[in-house]
Amino acid sequence: MIAAIQRRSSQGVQVRDLLIGAGAPIIVQSMTTTDTRDVDKTVAQIERLEKAGCELIRVAVLNLDAARCLSQIKARIGIPLVADIHFDYRLALEAIRQGVDKLRLNPGNITQQAKIEQVTQAAQATGIPIRVGVNSGSLAKDILIKYEGATPEAMVESALREIEILEGQNFRNIIISLKSTDVRVMIESYRLIAAQVKYPLHLGVTEAGSGATGVARSALGIGTLLEEGIGDTLRCSLTGDPLPEVKLAYDILGALGLRWRGVQFVSCPTCGRIGIGLERIVAQAQELLAEVETPLKVSLIGCVVNGIGEAGHADYGLVGHNGFVVLYRGGQAVARVAEAEAAGALAQLIKEDESTVTS
Ligand code: SF4
């Protein structure tokens, strides 16, 4: 039996009704790709993300016009809203006035102590947390010179320098991220800071890329740290539509047994032994079961070599034979159906069970 992952002990930070750290479930975040000034589009995207399981949403605050839209956006969404601030501390002050639930400040591009203190006091007065969000692409020049590049030590110093200013204002409502494009630098940065502070950590590989590259880099960086017990919240930064980021975040958490949402599919790669069109059945099953939120494991296996064993490890299973499949529930065979009806019959079985449980 594999032991459960021992999570690093961290201080709890409240973002409205959401607890981050202190052993709370690891929170899944994303970021909108819309122009924040387009309130309708931004809200529509957030609604899609929320439906997929996003629990905290960040929006870019490019200028004062964008900042002034934040209260309208917040009024129309169900999850806490985070303002992403770079360069201009006045955008942070306006975002706070607009009622955002959390700020992200980049220590690399708002560097003047008096300005950071002003933002900190305003955050303190409204009770919202600040994420000290270090990014390898925007470290302060003096730090880059001192460490000869965006090394793990440089990332950590950037965060600690800002934290010192915040703590100097008696502000401890802090979350930290140290995102690098280099997976190994990112991992080492988080390991270093995890040993030095109690604040909760927001994990991410910045600019991870698109498609399989982005998935691999995110899963390696975030997954390695989570497996070590490090990390209280995360965002997978993939190029394009943010919806896949949320799915990937749950896939990473599910693979490590930390958190499940919806159906986790197990399916075989297929080989010359196969007697059914498994690829099509998997695609259909994924589509038909996309709305299921209950954590379930479903195995879809092409033949009896591994199929019956995997069905025994899953909540539901499907095993192919020549032109038909056998459906399993809790490791027991419950039906034999034609291949063409396989995905539909499996989805119906699961949905009927779900409605029995919930009714
Ligand atoms: S489960 Fe069967 S069909 Fe799938 S890869 Fe293994 S041997 Fe091939």
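Our subject is the structure listed above.
Below is a short write-up of the structure. (Residues numbered from 1 in each chain as written. Predicted model: local features only at pLDDT ≥ 70, side-chain atom pairs only at ≥ 80, totals over all residues. Heavy atoms only, no water.)

### Quick look at the side chain of Ser-237
Move 1: Structurally, Ser-237 can be placed in the loop between β10 (233-234) and α10 (243-255).
Move 2: Using a relative accessible area of 10% as the deciding quantity, one classes Ser-237 as buried.
Move 3: What Ser-237 contacts, discounting residues up to four positions off in sequence, is Val-205, Thr-206, Glu-207, Ala-208, Gly-209, Ser-218 and Glu-245. (Helix = DSSP H or I, 4+ residues; strand = E, 2+ residues; numbered from the N terminus. Buried < 20%, exposed > 50% of the residue type's maximum accessible area, 1.4 Å probe, protein only. Contact = heavy atoms within 4.5 Å.)

### As for the site of the ligand
Move 1: Taken together, Cys-268, Thr-270, Cys-271, Arg-273, Ile-274, Ile-301, Cys-303, Val-305 and Asn-306 are the residues near the ligand.
Move 2: For the shell around the ligand, a count of residues per class yields six nonpolar, two polar and one charged. (Near = heavy atom within 4 Å. Nonpolar A, V, L, I, M, F, W, Y, C, P; charged D, E, K, R; others polar.)

### A look at the side chain of Glu-94
Move 1: With respect to the helices and strands, the residue Glu-94 is situated in helix α4 (residues 89-97).
Move 2: With relative accessibility at 11%, the residue Glu-94 sits in the buried group.
Move 3: In this structure, Glu-94 is in contact with Leu-64, Ala-67 and Arg-68, ignoring residues within four places of it in sequence.

### A word on the packing of helix α9 (residues 211-227) against α10
Move 1: At their nearest, the axes of α9 and α10 sit 10 Å apart, and the two run at 40 degrees to each other. Here α9 is positioned oblique relative to α10, judged by the angle of their axes. Regarding α9 and α10, the two cross each other, and that crossing is right-handed. Listed contacts from α10 to Val-215, Ser-218, Ala-219, Ile-222, Gly-223 and Leu-226 of α9 are Leu-248, Ile-252 and Leu-253.
Move 2: Looking at the contact of α9 with α10, its residues break down into seven nonpolar, two polar and no charged. (Axes fitted to C-alpha atoms, helices over the stretch in contact; angles between N-to-C directions. Parallel < 35°, antiparallel > 145°, perpendicular 65-115°, else oblique. Left-handed = near helix turned anticlockwise from the far one by under 90°.)

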